[in-house]
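The chain contents come next:
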Amino acid sequence: MERGKMAEAESLETAAEHERILREIESTDTACIGPTLRSVYDGEEHGRFMEKLETRIRNHDREIEKMCNFHYQGFVDSITELLKVRGEAQKLKNQVTDTNRKLQHEGKELVIAMEELKQCRLQQRNISATVDKLMLCLPVLEMYSKLRDQMKTKRHYPALKTLEHLEHTYLPQVSHYRFCKVMVDNIPKLREEIKDVSMSDLKDFLESIRKHSDKIGETAMKQIPGAQDLVDFSPVYRCLHIYSVLGARETFENYYRKQRRKQARLVLQPPSNMHETLDGYRKYFNQIVGFFVVEDHILHTTQGLVNRAYIDELWEMALSKTIAALRTHSSYCSDPNLVLDLKNLIVLFADTLQVYGFPVNQLFDMLLEIRDQYSETLLKKWAGIFRNILDSDNYSPIPVTSEEMYKKVVGQFPFQDTELEKQPFPKKFPFSEFVPKVYNQIKEFIYACLKFSEDLHLSSTEVDDMIRKSTNLLLTRTLSNSLQNVIKRKNIGLTELVQIIINTTHLEKSCKYLEEFITNITNVLPETVHTTKLYGTTTFKDARHAAEEEIYTNLNQKIDQFLQLADYDWMTGDLGNKASDYLVDLIAFLRSTFAVFTHLPGKVAQTACMSACKHLATSLMQLLLEAEVRQLTLGALQQFNLDVRECEQFARSGPVPGFQEDTLQLAFIDLRQLLDLFIQWDWSTYLADYGQPNCKYLRVNPVTALTLLEKISREMKDTSRKNNMFAQFRKNERDKQKLIDTVAKQLRGLVSSHHS
């Protein structure tokens, strides 16, 4: 039962499903009926469905048939009407066809025009699209063209900015075009090109300033400000900006500094012949100044391309090399004018660089070294000046014939003499021309020393000390040597020596005026502490003493020359009645010589006269006692005595004033006592009084007496052997010979006792 109910329920469900499918088929588009039919065939009751479908079709056919039967008359009527309309339709068709033919014929041109219009519209759209694309591309192309123009005109920094805009602003808008890709690929190359070209410009700039450094420095040393205006620094700025933008600033800074260091070393290398002319030094300084003017400007107009530490390092190197070069090259210079010009150039060089903030104290310290060298070159120059003055001097008192000439000399040399002023013209100054000339040259030397001290930032005391020390060297070394050389010349005469003594006396007196002269130009009083004193007095005293000694030596040499003319006949038996000719000439020479000594200081003239008389007396004694004269007669001794008396007469005549009575005669006292002893044959007195302080022949040495006695004894023995005519004479000679032998024996005893 239950099974029957279940079968009945399933049958009802199947029938309901088939009904739904049929409704769906009736209402669904045939294109979509496939899934519906598939669901029928997928089921197991498709047979029953087909039955239901057949039933549904028959039902619809019956409904259609009913509907057609209901409307049939209307259908017939419609057909009748339709047949009537067919004729009219045919007529209309013919008219339409005819109209169409006419329209096609008439509209052919319009179609062509429309076709053309269509093409034009198409082209217009294409053109419009192309214009739009071109408008998008044109700015890119314009920027690229601008970039090339900027590079062509070497405006590299603007070119780099243009490249940046092109890369980041314009190219991204048209990146899908092939030409843009070419541009994008070319951008790194363009950057490198800009980099290379700007670096090339920098190299040209570096080469240019290397060549023109001397011109820049020359301008700076003339007017100081504005020298940098001679240089176009734009290549440096451009290159710096370009490398900064490209992220390579450090590379650029290192390259710039390295190149400038190389150039600095080249600039600081002086030419080998720099010391020959001032222009050599000037060009050297100009190049250094020009170099540092450029670097100073770079320091202040760029941010970090160079820094103070770099500049200071370069300046320290430059300072040490410059000072070393100046020390070396200035040492070759022997011209004081060139050294002075060099000093002025160094001062200008230092002052110029000081304006730009460079420390220059070491340069001024070095100038103090050059000052010593300058002093040496001055001393050498003035040695030549003094030599020329002394060589060209006539060593005669300066004659003046008018008041004008007198004032001219007094204006050149500080000399005052009331007695000379009162004398009528013509008259003579006591000194020769070399006195005012030497005095004025000393003043010129002082002026030359003062010139070097200018602009060295020295105090008045330092300048005064420098001048005094240099002047002392001039006096004690240069002038002293010049005077000594003149005094020691072989051909120097007594007149010249006398004049030198007079001249040096007056120059010695002028030293106080030189002190005043230095005080006036330095404004430092002599009594100021640490002020150096002039040693001129010592110089002139030494020269005068040397001249005096040379006078004494010269006089003695002249006396020796006259004595060489002595021609004594030591064996003569004749008694002469006058002095020998050579001695008369010698005495005449001495008188004329001492007459020239009137302007000499009294002590000098007296010393010279006493020295000459002593030398003459000593020479005569040597002449009398010389070993070659083994024999002499009393007659020869008498002639010799006449010559000595002539000398004594000269001494008594007072050839030089100032001697006390008989003082000059004492020079001949040894000869006089010796000759009196032999001529008077006063041996008893000599032997009896020998050794007593007041004895008559106190100055006669027993050795001298014995030597002379032996010469007379030998002559007498030789004569006695030859003379056999008179026995009485022989007896007298024998007695005298015995006396001589006795005296000789006693003299030998005195000599022995004296030695013991």
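Each residue is numbered by its place in its chain's sequence as written, counting from 1. Per-residue local features of the predicted model are confined to residues with pLDDT of at least 70, and side-chain atom pairs are confined, for both listing and counting, to 80 or more; whole-chain, interface and lining totals are unaffected and use all residues. Derived side-chain values reflect all non-hydrogen atoms in the structure, with water molecules and hydrogen atoms excluded from consideration.

As recorded by an unreviewed UniProt entry, the protein carries the name Exocyst complex component and is attributed to Camelus ferus. Annotation of the protein in UniProt includes, under Sequence similarities (unreviewed entry), the sentence "Belongs to the SEC15 family." UniProt positions are given in the numbering used here, feature names are shortened, and annotations may be inferred rather than shown by experiment. Note on the protein: under the UniProt heading Function (unreviewed entry), the record states "Component of the exocyst complex involved in the docking of exocytic vesicles with fusion sites on the plasma membrane."

The helix and strand labels rest on DSSP assignments: H or I over at least four residues marks a helix, E over at least two residues marks a strand, and numbering proceeds from the N terminus. Looking only at helices and strands, the protein has 26 helices and 2 strands in total. Radius of gyration here is computed from C-alpha atoms only, and the compact-globule reference equals 2.2 Å multiplied by the residue count raised to the power 0.38. The globule rule puts the C-alpha radius of gyration for 756 residues at 27 Å, and the 70 Å found for the protein is more than 25% above it. Taken over the C-alpha atoms alone, the protein extends approximately 245 × 80 × 55 Å along its principal axes. Throughout, a contact is declared for two residues whenever any of their heavy atoms are within 4.5 Å. Once local pairs closer than 6 in sequence are excluded, the contacts in the protein between residues at least 24 apart make up 78%.

The sites that carry the UniProt feature "coiled-coil region" (unreviewed entry) are, in the present numbering, residues 82-109. Overall, residues 82-109 shows 100% helix and 0% strand. The separation of its end C-alpha atoms is 39 Å.

On to helix H7 (residues 234-245), then. By this rule the span expected of a helix is its residue count minus one, scaled by 1.5 Å. For H7, built from 12 residues, the straight-helix expectation of 16 Å at 1.5 Å per residue is met to within 8% by its first-to-last C-alpha distance of 16 Å. Buried means the residue's accessible area, taken with a 1.4 Å probe over protein chains only, is under 20% of the maximum for its type, while exposed means over 50%, and partly exposed covers the values in between. For H7, the set of buried residues is Pro235, Val236, Cys239, Leu240, Ile242 and Tyr243. The buried residues of H7 occupy an angular sector of 165° when the element is viewed end-on, so they sit on one face. Within two residues after H7, Gly247 carries a phi angle of roughly 75°, on the positive side. Summarising the geometry, the arc corresponds to the directions from the helix axis toward the C-beta atoms.

Our next topic: the side chain of Asn641. As for its placement among the helices and strands, Asn641 is situated in helix H22 (residues 634-652). Overall, Asn641 belongs to the buried group, its relative accessible area being 4%.

With that settled, the discussion passes to the nonpolar core. In globular proteins that are soluble, nonpolar side chains generally tend to be buried together. Grouped together as the largest cluster of nonpolar side chains are 200 residues, with contacts concentrated most on Phe285, Ile551, Leu590, Phe594 and Leu616. When residues no more than four places from it in sequence are discounted, the contact partners of Phe594 are Leu555, Ala608, Cys609, Ala612, Phe650, Pro655 and Val656. Residues belong to a common nonpolar core when they are buried Ala, Val, Leu, Ile, Met, Phe, Trp, Tyr or Cys residues joined through side-chain atoms within 4.5 Å.

Bringing the packing of aromatic side chains into the picture now. Centres within 6.5 Å are what make two rings of Phe, Tyr or Trp a pair, Trp counting through its six-membered ring; a difference in plane orientation under 30 degrees is then read as stacked, over 60 as edge-to-face, and the rest as tilted. Summed over the entire model, instances satisfying the criterion amount to 33 aromatic pairs. Their ring planes at 20° and their centres at 4.8 Å tell us that Tyr406 and Phe429 sit as a pair that is stacked. With a gap of 23 residues between them, Tyr406 in helix H13 (residues 403-412) and Phe429 in the loop between strand E2 (427-428) and helix H15 (434-453) connect regions that are remote in the sequence. Accessibility assignment for this pair places Tyr406 and Phe429 in one class, buried.

Right, let's talk about the pattern of salt bridges for a bit. Throughout this description, the term salt bridge denotes a Lys or Arg side-chain nitrogen within 4 Å of a carboxyl oxygen of Asp or Glu. Taken as a whole and assessed by the stated rule, the structure comprises 25 salt bridges. With a shortest N-O distance of 2.6 Å, Arg282 and Asp279 are connected by a salt bridge. Highlighted residues: Arg282 and Asp279, both in helix H9 (residues 278-301), separated by 3 residues, approximately one helical turn. Looking at Asp279, the relative accessible area reads 52%, which means it is exposed. Between Asp465 and Lys469 there is a salt bridge whose closest N-O contact spans 3.1 Å. Of the two residues, Asp465 and Lys469 both sit in helix H16 (residues 460-487), 4 residues apart, roughly one turn of that helix.

All right, on to the environment of Gly217 then. Mapped onto the elements of the fold, Gly217 is located in helix H6 (residues 178-223). Of the residues examined, Gly217 reaches a relative accessible area of 0% and is grouped as buried. Spatially, the C-alpha atoms of Gly217 and Arg371 are 25 Å apart, while their sequence positions differ by 154 residues. Residues contacting Gly217, with those up to four places away along its chain left out, are Asn286, Val289 and Gly290.

Here we take up helix H18 (residues 511-522). Quick reminder: α-helices carry 3.6 residues per turn. Residues three or four places apart thus point the same way. Between its first and last C-alpha atoms H18 spans 17 Å; for 12 residues at 1.5 Å apiece the expected length is 16 Å, and the two agree. Inspection of H18 places Cys511, Leu514, Glu515, Phe517, Ile518, Thr519 and Thr522 among the buried residues, and these make up the whole buried set. Looking at the buried residues of H18, the elements they touch are H15, H16, helix H17 (494-509) and helix H19 (536-563). Asn523 sits one or two positions beyond H18 and adopts a positive phi of about 60°.

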